[in-house]
Amino acid sequence: MRILAVDDTRANLVLLQAMLKRSGHEVVTAENGEDALQVFEEQQPDLVLMDVMMPGMDGFEAAQKLQEMSAPRWVPIIFISAAATEEYYIKGHQSGGADYLFKPINQVILNTKIESIKRIVDMQNTLHSQNTALQEYVEKDEAERRISRHIMEHMAESKGLEDPLISSMITPAEQFSGDVLCAARSPSNRLYLLIGDAVGHGLAAAINTLPISGTFYSMVYKGFELQTIAKELNRRIKEAMPTGCFVACGIVMIDPGESYAEVWNAGLPTFYCVDSHGHVSDTFESTQLPLGVLTADQYEVKSEIIPYRPGHQIILFSDGLIEAENSDGEFFGIERLLGCLHNPENRLDDIRFALEEFMGEENPHDDVTLALVDMPAQDSSGMEIFSDHQQTEILTSVAEADGLDWRVNFHLGVSEVKALDLTPMILGALGQFKGVEQHNQKLFLIMAELLNNALDHGLLKLDSSLKSGPDAFEKYLSERQDRLETLESGFIEITASKLRLHDESFLRITIEDTGEGFNYETINQGDAGQSAMHGRGIKLVKQLCRAVVYENRGNKVTVDYDLNTVNKS
């Protein structure tokens, strides 16, 4: 040990120094209290042997100042004095002394006390090192959590949850939530809402949800179908996460324009569709394993379709809500949840209040997430953004262009038509060309309508009149799926070109199918039957394009879209 010996008598100091060196210690000395402070600051000793009675600053005062200088480190002080009185002994300990020795000093007793104090010093140093390491760990952990929180919040993109059709709550059981809630509108204005519940709690569970939100938003914004999104989510979780890290997940898609809703539940509690009185009209039970259990080629997405029910709500939630346990060991349960749904205006608040009242002073042991999705009589976020567009007439030919910047062709046979999400795939390729991506929403609507017509009414020979009547669209989609599965021949040709005419740029899209076509001459005439079959989609295409031309027997269409316009959508 490095020991500071302080004594105003030179002979005592020399003797003390000799005794300490004989025991193997490093010794530094000072002859009064003031010098002791200076030597202490310079040498940082492990132990101080302090004479009590010295001129000027005595040993007690010097000891108190040394302790202030060394804080928070503990440096033991042993007082040495010829005054063997009870008063001095007590004052020594009150001044912070670790022990008290009387002169003349006995070598054996001195060594014994030093060894005893050394053990205490070693323990103090070990404790200090451990505390320092713990503090560094806590600071590092907090820094990592701040970064993780920033990443999670950035990827969560909670703006979509502000959609007027959605009300929700998410309450983490810990600092991070293993539940995820995402919502977004597709280019065709479909509303998608995803809820996920990763295995475990806290940051570890939250990390498992990271691949979900980014994939979900990217695919919704590109216009992919629910089943395609779900399959890709499973692939991402399976490939990115370790074995045993899976995520129960569900997606609700609301399409007011086509008047239907699609629901998929993989591992979550049963979802409910309820009317304005809280009566259950539809239930959506989990039909398959959570994400990340099966490989991509093993995972088949099975969703359910219901008609759009104005005034109804779809309620989806994680198991943390119904499994919230109070101090009596009771679960919140489904019955209590359904009992909170009688007032459609305050359902979320009623559920939140009922849960708080049920739990009392207890906190849920799991993350609690809940979302309610409205199906109003009229979606205020509908496609009225294009109502100011004038409809162009169906023309007999398109104008000749002055120049060609680029052209791409797609030939899609039966296998591709069955396996691919055509519209987002084609737009994904076209979006790589400069100046196209900013028109993505309008081009999606145009491409989706033309491709759906080519596939549904061309290759699959579906009649739009099938969409009329109660529950008609559900039957239409079922018939569409049946015909698609049995389709054996046919193809769709797509050509997209960026052309120039009189210094203006436009995109020309031609789509041709091998179907029977339709009587396109009635479109300009405003025929009532034709309007019912094709009106909404073709009307929108006519609003968005500068030219629309049907050829052959109606199975070939060419549209020109102005790339000079600013997309305000």
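No experiment lies behind these values; they were computed from the predicted model shown.

### With respect to the pattern of salt bridges
And step 1. As enumerated under the stated definition, the model contains 20 salt bridges in all.
And step 2. One salt bridge connects Asp-560 with Arg-508, and the closest N-O pair in it is separated by 2.8 Å. Here the residue Asp-560 occupies a position in strand S21 (residues 556-562), and Arg-508 occupies one in strand S19 (residues 504-513), the gap between them amounting to 52 residues.
And step 3. Asp-560 sits in the buried class, given a relative accessible area of 4%.
And step 4. Bridged by salt links that share partners, the residues Asp-7, Asp-51 and Lys-103 form one connected network.

### A few points about helix H15 (residues 472-486)
And step 1. The end-to-end C-alpha distance of H15, which contains 15 residues, comes to 21 Å, matching closely the 21 Å that a straight helix rising 1.5 Å per residue would cover.
And step 2. Turning to H15, the residues buried within the fold contact strand S10 (260-266), strand S13 (304-307), helix H12 (414-419) and helix H14 (440-459).

### Let's talk about the domain arrangement of the protein
And step 1. We note that the domain assignment places domain 1 (2-126), domain 2 (156-375) and domain 3 (386-562) within the protein.
And step 2. The C-alpha-based centres of domain 2 and domain 3 are spaced at 34 Å.
And step 3. Carbon and sulfur atoms make up 59% of the area that domain 2 and domain 3 hide from each other, which totals about 1200 Å².
And step 4. Where domain 2 meets domain 3, there are zero salt bridges.

### A short note on unusual backbone geometry
And step 1. Between Lys-103 and Pro-104 the backbone carries a cis peptide bond, its omega angle lying at -5 degrees.
And step 2. Even without a glycine there, the phi angle at Ser-259 is positive, about 60 degrees.
And step 3. Summarising the element assignment, Ser-259 is placed in the loop between strand S9 (247-255) and S10.
And step 4. Positive phi outside glycine occurs at His-502, with the angle close to 55 degrees.
And step 5. The exposure class of His-502 is exposed, given its relative accessible area of 63%.

About the criteria used
Residues numbered from 1 in each chain as written. Predicted model: local features only at pLDDT ≥ 70, side-chain atom pairs only at ≥ 80, totals over all residues. Heavy atoms only, no water. Salt bridge = Lys/Arg side-chain N within 4 Å of Asp/Glu carboxyl O. Helix = DSSP H or I, 4+ residues; strand = E, 2+ residues; numbered from the N terminus. Buried < 20%, exposed > 50% of the residue type's maximum accessible area, 1.4 Å probe, protein only. Expected span 1.5 Å × (residues − 1). Contact = heavy atoms within 4.5 Å. Domains from an automatic or database assignment. Buried area = accessible area lost by both parts, 1.4 Å probe.

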